[in-house]
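Commentary on secondary and tertiary structure
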Amino acid sequence: MTSRWKDVAVAAGLASGDGSVRPTIFAEMSALAAATGAANLGQGFPDDDGPQWIREAAIDAIRSGENQYPPGRGIVALREAIAAHQSRHYGIELDPATEVLVTAGATEALTAAILALAGPGDEVVTLEPFYDSHAAAIAMAGATHVTVPLVPSTRGFAVDRAALETAVTPATKLILVNTPHNPTGTVLTREELGLIADAAERVDALVITDEVYEHLVFDGATHTPIATLPGMRERTLTVSSSGKTFSLTGWKIGWVTGPAQLIEAVLAVKQFLTYSGGAPFQPAIARALVGGDADIASLRETLDARRELLLASLSRVGFSSVRPEGTYFVCADATPFLSADVPDGAAFARWLPGAVGVACVPLSAFCREGSATAEALANWVRFTFVKNDQTLATAIERLETRLVR
């Protein structure tokens, strides 16, 4: 590994100090689950495929010849469907020709946006814990990663407001906002978003949002795109995807929307990443965004029921959990189960598959190594409930009969 990319990989937590590449925590825990026969509540991918009619639409597209490069910006029908979705749900009006860009999932959209808009000498602010690709993209851009803690509270994880004020400075080029938030499951309130918007305007920073769980919210929570706040549309790039909304994570159809000049900057990078992709999936997702509201509601109802089952089980076993308002995940404090041999959440997550037959993920994997947040959440782990009934029932039975305090 060359020194430049070794430095990037180490900074992003993707490599050890000697430059050897580390597997992601998701790959590590899934491999451990497979090796031990554990019920995998670690990696957040659905066991069930998305609606059959959407999958059939992709098959129809393959048969009708939608198999070559689509336009670099995405097919017209999908860009129009994305614009209509933003208008219908949030009142955000977009020009499909210039303010919508289709990407190879949300990860490409986020990475291309960060690479396009930040570089050495710039600071990019994220919440912490953060999804691992956010840190990797910031490191690849050569920018400095600054974090704002999310702190467990009675209502969930909340933004540390004093830390936000301190973190956003004239050196801040981008603020990356993830809500509904992975890994904590919190849905930022309008008040919290307002504080972030005020901070961005104070230093003239741009905002990039990761909203892939936008429709998967519970308990009456409301997802509010920060682009809808006064003065924020012109400085915000909004990223989402079809993967979580329709349980089609392998299709990798995402998008980024926002002001035309910012979309042009992202396109300049994106065209040298994938250029384009997902030809037969794009028309299928266009149809899904127009006609799939009932399917989204059904998925949300199913996930809500599974969330309740997992929360109740974790409580019975002895975990202290934070009730998530969105996403696929429950975060829980594993302190009651720690010992000299299993001293923290990372050790607990590596011990649990073999000892109990259930896999989870340590919350510290979503933090900067050695940060105050990593220390505060050192004993916490994350479980996913986006699994079929059998997998979830098996995990619950094993936790309640095999895990002893």
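Residues numbered from 1 in each chain as written. Predicted model: local features only at pLDDT ≥ 70, side-chain atom pairs only at ≥ 80, totals over all residues. Heavy atoms only, no water.

If you look the protein chain up in an unreviewed UniProt entry, it shows as Aminotransferase class I/II-fold pyridoxal phosphate-dependent enzyme from Leucobacter albus. Per UniProt, the comment on the protein chain under Cofactor (unreviewed entry) is "pyridoxal 5'-phosphate". (UniProt positions renumbered as here; feature names shortened; annotations may be inferred.)

Counted residue by residue, strand 9 (residues 253–257) has five buried out of five residues, so it is predominantly covered. A two-sided burial pattern is seen for strand 9, the buried positions comprising I253, W255 and T257 on one face and G254 and V256 on the other. In the sheet, strand 2 (residues 100–104) pairs with strand 9 via five bridges, with the strands oriented antiparallel. When the bridges of strand 9 are listed, T103 appears paired with G254. The sheet contact formed by strand 8 (residues 236–241) and strand 9 spans four bridges and is antiparallel. Bridge pairing in strand 9 links S241 to G254. (Buried < 20%, exposed > 50% of the residue type's maximum accessible area, 1.4 Å probe, protein only. Helix = DSSP H or I, 4+ residues; strand = E, 2+ residues; numbered from the N terminus. Pairing = 2+ DSSP bridges.)

Before going further, it helps to examine the pattern of salt bridges. What the rule picks out here adds up to 17 salt bridges. One salt bridge in this structure joins D47 and K387, with 3.9 Å as the shortest N-O distance. Of this pair, D47 sits in the loop between strand 1 (39–40) and helix 3 (52–63) while K387 sits in the loop between strand 14 (380–384) and helix 14 (389–402), placing them 340 residues apart in sequence. By relative accessible area, D47 is classed as partly exposed at 31%. Note that R161 is salt-bridged to E191, the shortest N-O span being 2.9 Å. Of this pair, R161 sits in helix 7 (residues 161–167) while E191 sits in helix 8 (residues 190–203); the two residues are 30 residues apart in sequence, bridging distant segments of the chain. The network of salt bridges with common partners includes D219, D304, R307, E308 and R323. (Salt bridge = Lys/Arg side-chain N within 4 Å of Asp/Glu carboxyl O.)

With that out of the way, let us pick up the packing of helix 5 (residues 105–117) against helix 6 (residues 132–141). When two helices pack together, their arrangement is given by the angle between their axes and by how far apart the axes lie. Two elements in contact, helix 5 and helix 6, have axes separated by 9 Å at closest approach and are oriented at 30°. Taken together, the axes of helix 5 and helix 6 lie roughly parallel to each other. Between helix 5 and helix 6 lies a crossing whose hand is right-handed. Two secondary-structure elements touch here, helix 5 through T107, L110, T111, I114 and L115 and helix 6 through S133, H134, A137, I138, M140 and A141. Here the contact of helix 5 with helix 6 is composed, by residue class, of seven nonpolar, four polar and no charged. (Axes fitted to C-alpha atoms, helices over the stretch in contact; angles between N-to-C directions. Parallel < 35°, antiparallel > 145°, perpendicular 65-115°, else oblique. Left-handed = near helix turned anticlockwise from the far one by under 90°. Contact = heavy atoms within 4.5 Å. Nonpolar A, V, L, I, M, F, W, Y, C, P; charged D, E, K, R; others polar.)

If you trace the backbone, H223 turns up in the loop between strand 7 (206–210) and strand 8. A polar contact of 2.8 Å, which involves the side chain of H223, links it to the side chain of E211. Excluding residues within four positions of it along the chain, H223 makes contact with Y90, T179, P180, V187, E211, E214 and V217. (Polar contact = N/O pair within 3.5 Å; in protein donor to acceptor, adjacent residues only side chain to side chain.)

Okay, the sheet that holds strand 10 (residues 320–322) next. Ordered by their spatial adjacency, four strands build an open sheet running 10-11-14-13, and the pairing between neighbours is antiparallel. Whereas interior strands pair on both sides, the edge strands pair on one side only; in this sheet they are strand 10 and strand 13 (361–362). Sheet topology places strand 11 (residues 329–333) next to strand 14; five bridges connect them, and they run antiparallel. Across the sheet, residue F329 finds its bridge partner in strand 14, namely T384. Strands strand 10, strand 11 and strand 14 of the sheet are contacted by helix 11 (residues 293–317), whose axis makes an angle of about 10° with strand 11.

On to unusual backbone geometry, then. When glycine is set aside, most residues are seen to have a negative phi, and most peptide bonds are trans. Residue T179 is joined to P180 through a cis peptide bond whose omega torsion reads -10°. Locating P180 in the fold gives a position in the loop between strand 6 (172–178) and helix 8. Cis geometry marks the peptide bond from N182 to P183, where omega comes out at 25°. A positive phi is found at Y275, a non-glycine position, where the angle reads about 65°. If you trace the backbone, Y275 turns up in the loop between helix 9 (260–270) and helix 10 (281–291).

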